[in-house]
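# Tertiary structure, described
Residues per chain, in single letters:
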Amino acid sequence: GHGLLEYARIRLKNTGVRAITVRLCSAEEGLTKFLQHEKFIPLSFQGKMYEYSLSAFAGNAMLQKMPAENMKKAVTITDPDDIRLKRFRERAKGDRFYMGTDDHDLRFSRFYQEDRELTSCLLAERCGGNVLFIARSHKLSICTEPAAWAFLFASCIKTAQELMPADAIVQIQSFEKAEYTFLQRLTGSVAKEYRVQELARRL
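An account of the accompanying structure is given in this report. Predicted, not measured: the structure shown is a model, and the values here were computed from it.

Of the regular secondary structure elements, the protein chain holds 7 helices and 8 strands. Relative to a compact globule of 203 residues, whose C-alpha radius of gyration would be 17 Å, the protein chain shows 18 Å and is just as compact. A principal-axis box enclosing the C-alpha atoms of the protein chain has dimensions of 50 × 40 × 30 Å. Intrachain contacts of the protein chain at a sequence separation of at least 6 include 77% that bridge at least 24 residues. Counting every atom, the protein chain has about 11700 Å² of accessible surface; 51% of that belongs to carbon and sulfur. Averaging the locations of the 31 positively and 25 negatively charged side chains of the protein chain gives two centres separated by 4 Å.

As structure tokens, then:
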């Protein structure tokens with residue numbers, strides 16, 4: 001682990017990067033101690049990660065009652081050259097929200113569309129064949145739908161139920177109180193819950 005970090009530190013510093021951040025979703029104390037030994041400084045509490053079985057959402061009455069008009073606005077865009085996606089990326093960068101590289105698999109990600117403009121996103125990807133990881137979400141200031149995250153989430157779960165095995169796991173990284181509340185109302189319970197802790201190191 002030390003060797004990999006040192007290799008990454010040298011490579012990144014040579015490209016102009018001045019700091020590395022690590023986001024942990026684990027209660028494993030050994031990993032935290034290792035990172036602190038490597039001069040990573042813990043930052044403030046960031047959020048939570050919830051873990052459910054995909055089957056926990058099957059036949060969920062709340063998801064099934066989502067208004068069809070709003071669900072149609074939760075769209076999938078897999079073409080990185082789509083002009084709507086490019087505009088959204090630029091606006092999100094202005095908010096210091098970076099979506100990652102253009103080769104990111106967007107089949108499970110969702111974008112909320114209002115008047116031909118993307119106003120909110122939920123980024124998700126399939127990991128290891130059996131895990132759907134819902135990593136991040138962002139809402140632009142032009143978004144007028146307070147419940148956009150809920151509609152994006154419902155659409156994402158619907159696709160996961162169609163494309164993934166019944167015993168799949170859904171991991172949801174969440175940073176907003178409204179998202180916590182929605183998930184609690186949706187299932188009534190949480191199978192597993194982890195604090196999301198961020199650590200940083202200057203190069």
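Having seen the model, we can carry on.
All told, the structure shown has 8 aromatic pairs when counted by the stated rule. Between W149 and F153, the aromatic rings sit 5.3 Å apart at their centres with planes inclined by 10 degrees, giving stacked as the arrangement. Of this pair, W149 and F153 both sit in helix α6 (residues 148-163), 4 residues apart, which is roughly one turn of the helix. With a centroid separation of 6.1 Å and 80 degrees between ring planes, the pair formed by F153 and F182 is classed as edge-to-face. Pair noted here: F153 is in helix α6 and F182 is in helix α7 (residues 177-187), with a separation of 29 residues, a long-range link. For the pair F153 and F182, a shared accessibility class is recorded, and that class is buried. An aromatic cluster of three or more residues is present, and its members are Y52, F57, W149, F153 and F182. Residue placement shows K48 over the ring face of Y180; its charged tip is 5.4 Å from the ring centre.

What follows is about the pattern of salt bridges. As enumerated under the stated definition, the model contains 6 salt bridges in all. When the shortest N-O distance is used, the salt bridge between K86 and D81 registers 3.8 Å. Using a relative accessible area of 55% as the deciding quantity, one classes D81 as exposed. Note that K93 and E90 form a salt bridge whose closest N and O atoms lie 3.7 Å from each other. Of this pair, K93 and E90 both sit in helix α5 (residues 83-94), 3 residues apart, which is roughly one turn of that helix. Three or more residues joined by partner-sharing salt bridges are found here, namely R87, R91 and E117.

Moving on: the nonpolar core. Judged by nonpolar contacts, the single largest core of 32 residues is most densely connected at F57, L122, L132, I134, F153, V170 and I172. Looking at which element gives the most residues to this core, the answer is α6, with 10 residues. When sequence neighbours within four positions are dropped, the list of residues in contact with V170 reads Y50, E51, Y52, L54, F57, L132, I134 and I157. Ranked by size, the runner-up nonpolar core spans 13 residues in total, among them L85, A92, M99 and L106.

Rules used in this analysis
- Residues numbered from 1 in each chain as written.
- Predicted model: local features only at pLDDT ≥ 70, side-chain atom pairs only at ≥ 80, totals over all residues.
- Heavy atoms only, no water.
- Helix = DSSP H or I, 4+ residues; strand = E, 2+ residues; numbered from the N terminus.
- Rg over C-alpha atoms; globule rule 2.2 N^0.38 Å.
- Contact = heavy atoms within 4.5 Å.
- Areas by Shrake-Rupley, 256 points an atom, 1.4 Å probe, with all protein chains shown as cover.
- Lys, Arg positive; Asp, Glu negative; His and termini not counted.
- Charge placed at Lys NZ, Arg CZ, Asp CG, Glu CD.
- Phe/Tyr/Trp six-rings, centres within 6.5 Å; stacked < 30°, edge-to-face > 60°.
- Buried < 20%, exposed > 50% of the residue type's maximum accessible area, 1.4 Å probe, protein only.
- Lys NZ or Arg CZ within 6 Å of the ring centre and 35° of its normal.
- Salt bridge = Lys/Arg side-chain N within 4 Å of Asp/Glu carboxyl O.
- Core = buried A, V, L, I, M, F, W, Y, C linked by side-chain atoms within 4.5 Å.

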